[in-house]
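Coordinate analysis (summary)
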Amino acid sequence: MANVIETGRGAAVRVDGVGIRFGSFHAVRDVTLDIAAGEFLCLLGPSGCGKSTLLSALAGFVTPYRGGVTVDGVPVTRPDPGLGMVFQSSEALFDWMTVRQNVAFGPRMRGTSRARQAELVDEYLRLVGLRHCADRFPGQLSGGMRQRVQIARVLANEPSVVLMDEPFGALDAQTRQVMQEEMDRIRRVSGCTVVFVTHDIDESILLADRIAVMTAGPAASIKSVYPVDLPGPRDVTDPSAAALRHELRRDIGEEVRKALRDQGLDQDPGRDLDAQEDR
Ligand SMILES: Nc1ncnc2c1ncn2[C@@H]1O[C@H](COP(=O)(O)OP(=O)(O)OP(=O)(O)O)[C@@H](O)[C@H]1O
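Described below are features of the structure shown in this document. (Residues numbered from 1 in each chain as written. Predicted model: local features only at pLDDT ≥ 70, side-chain atom pairs only at ≥ 80, totals over all residues. Heavy atoms only, no water.)

Structural notes on the pairing of strand β4 (residues 66–71)
Where strand β1 (residues 13–22) meets β4, five bridges bridge the pair, whose relative direction is antiparallel. Pairing of Asp16 across the sheet is with Gly68, part of β4. Relative to strand β5 (residues 74–75), β4 runs antiparallel, the two sharing two bridges. Paired with Val71 across the two strands is Val74, which belongs to β5. (Pairing = 2+ DSSP bridges. Helix = DSSP H or I, 4+ residues; strand = E, 2+ residues; numbered from the N terminus.)

Considering the pattern of salt bridges
Side chains carrying opposite charge are able to pair once their charged atoms draw close together. With the rule as written, the count across this model stands at 22 salt bridges. Notably, a salt bridge pairs Glu254 with Lys223, separated by 2.6 Å at the nearest N-O pair. Taken as a pair, Glu254 in helix α7 (residues 239–262) and Lys223 in strand β10 (residues 222–227) lie far apart in primary sequence, 31 residues in all. When salt bridges that share partners are traced, they join Lys223, Glu247, Arg250, Asp251, Glu254, Glu255 and Lys258 into one network. (Salt bridge = Lys/Arg side-chain N within 4 Å of Asp/Glu carboxyl O.)

Observations regarding the site of the ligand
In the neighbourhood of the ligand, the contacting residues comprise Phe22, Phe25, Pro46, Ser47, Gly48, Cys49, Gly50, Lys51, Ser52, Thr53, Glu166 and His199. The backbone of Gly50 places a nitrogen or oxygen atom 2.9 Å from an oxygen atom of the ligand. A distance of 2.8 Å is found between an oxygen atom of the ligand and a side-chain nitrogen or oxygen belonging to Ser52. Expressed as a share of its isolated accessible area of 640 Å², the protein-covered part of the ligand is 58%. (Near = heavy atom within 4 Å. Polar contact = N/O pair within 3.5 Å; in protein donor to acceptor, adjacent residues only side chain to side chain. Areas by Shrake-Rupley, 256 points an atom, 1.4 Å probe, with all protein chains shown as cover.)

What to know about the sheet that holds β1
Within the open sheet, the four strands sit side by side as β2-β1-β4-β5. Their pairing is antiparallel. Every other strand in the sheet has two partners, leaving β2 (25–35) and β5 as the edge strands with one partner each. Relative to the sheet, helix α1 (residues 51–59) contacts β1, β2 and β4, its axis offset from that of β1 by approximately 120 degrees. (Contact = heavy atoms within 4.5 Å. Axes fitted to C-alpha atoms, helices over the stretch in contact; angles between N-to-C directions.)

Things to note about the packing of aromatic side chains
Summed over the entire model, instances satisfying the criterion amount to four aromatic pairs. Between the aromatic rings of Phe40 and Phe196, the centroid separation amounts to 5.5 Å while the plane-to-plane angle is 40 degrees, which identifies the pairing as tilted. You can see Phe40 sitting in strand β3 (residues 40–44) and its partner Phe196 sitting in strand β8 (residues 193–197), a full 156 residues away along the chain. The pair Phe40 / Phe196 is uniform in exposure class, with both members buried. Between Phe94 and Trp96 the ring centres are 5.2 Å apart and the planes differ by 35 degrees, which places this aromatic pair in the tilted class. For Trp96, a relative accessible area of 62% puts it in the exposed group. (Phe/Tyr/Trp six-rings, centres within 6.5 Å; stacked < 30°, edge-to-face > 60°. Buried < 20%, exposed > 50% of the residue type's maximum accessible area, 1.4 Å probe, protein only.)

Re the sheet that holds β10
Pairing is mixed across the open sheet formed by six strands, whose spatial order is β6-β7-β8-β3-β9-β10. Where the open sheet ends on each side, the last strands, each with one partner, are β6 (83–86) and β10. The mean inter-strand angle of the sheet, taken between neighbouring strand axes irrespective of direction, is 15 degrees. Relative to β10, strand β9 (residues 210–214) is paired through five bridges, and the arrangement is antiparallel. What sits directly across from Val213, in β10, is Ser224.

A short note on helix α5 (residues 173–190)
For α5, with 18 residues, the first-to-last C-alpha span of 25 Å sits near the 26 Å given by 1.5 Å per residue. Where α5 is concerned, the buried positions are Arg176, Met179, Gln180, Glu182, Met183, Ile186, Arg187 and Ser190. Where the residues of α5 are buried, they touch β3, α3 (114–127), α4 (143–155), β7 (161–165), β8 and α6 (201–207). By the N-cap criterion, in which a side-chain oxygen at the helix start approaches the backbone nitrogen of a residue two or three places on, α5 is capped by Asp172, the distance to Gln174 being 3.2 Å. Gly191 occupies a position one or two residues after α5 and carries a positive phi of about 75 degrees. (Expected span 1.5 Å × (residues − 1).)

Structural notes on unusual backbone geometry
One non-glycine residue, Glu158, lies in the positive phi region at around 50 degrees. In this structure Glu158 comes out as partly exposed when scored by relative accessible area, which is 25%. Its identity as a non-glycine residue notwithstanding, Glu166 has a phi of 45 degrees, on the positive side. You can see Glu166 is positioned in the loop between β7 and α5.

So, empty space enclosed by the protein
Applying the stated rule across the entire model yields three cavities of 30 Å³ or more. For the second largest cavity, the calculated volume is near 50 Å³. Lining the second largest cavity, in full, are Val86, Ile151, Val154, Leu155, Val162, Met183, Ile186, Arg187, Cys192 and Val194. For the lining of the second largest cavity, the secondary-structure elements that each account for two or more residues are α4 and α5. Class assignment of the residues belonging to the lining of the second largest cavity gives a composition of nine nonpolar, no polar and one charged. (1 Å grid on protein atoms, 1.4 Å probe; cavity = no way out; pocket = protein on both sides within 12 Å on 5 of 7 lines; lining within 4 Å. Points joined across faces, edges and corners; volume = space filled by probe spheres on them. Nonpolar A, V, L, I, M, F, W, Y, C, P; charged D, E, K, R; others polar.)

Structure follows, in structure tokens:
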């Protein structure tokens, strides 16, 4: 597939008045967001509000019925190697290919020379700490390693924007923590813009430059945007992080309660959030 979006070092993303419908269902209403080149933006919100749907529009998988997305001024109209997507499940990897072949896949499809493919594989497997696994198959790796291969495979396309849909959601707590630390390093080295969907408030505080909170759906929009001005390495038990976490919990809690009220189910609105807090 030919690139329309430039590849390289991080691009500015403009989401301008985006609305998304699935038939008669109004999923997302009038979302406007400006994401700077190289920024790490987390999307948080109640379950089912439309985070993945909005991310799909950024990836060119879903066409908005109104508004649009541009990357460095270029309209997103379809998927593009310049927009890398990392999914929650590492089933996105090709099980019948080695790690090396998986990571080389995108560049090979774009007709990159064999020598350059080898360089890219080497560079990005090194970045995710998996050079020693190049000749293994995905089935021979742990869940955390497979997610790292998925990230290397996306980065080997040298995307200017990486879109991540709960990429660590299926990992155990310890692997998740390691991956969060690695993600912070990887994105600083690669310089790409990242839009990262998560349920996890602490994960968003650890990683984001800004956190956008969505309203409960249907017809979800952006409720508030929080800058995360915390020095690194971040610690969620730090008092300023704790204050931000409290604000985010309150903000999302309001939306969860609203959603439950709309469904006539508002008996124990705190439970969802306590479960998030415990993770
Ligand atoms: N292809 C589709 N057809 C119809 N409805 C859809 C489709 N995709 C998503 N939806 C609906 O749009 C709404 C938003 O879904 P989405 O998966 O984007 O939410 P989410 O915030 O990512 O959810 P979660 O946090 O649980 O992963 C939901 O009501 C969902 O049922």
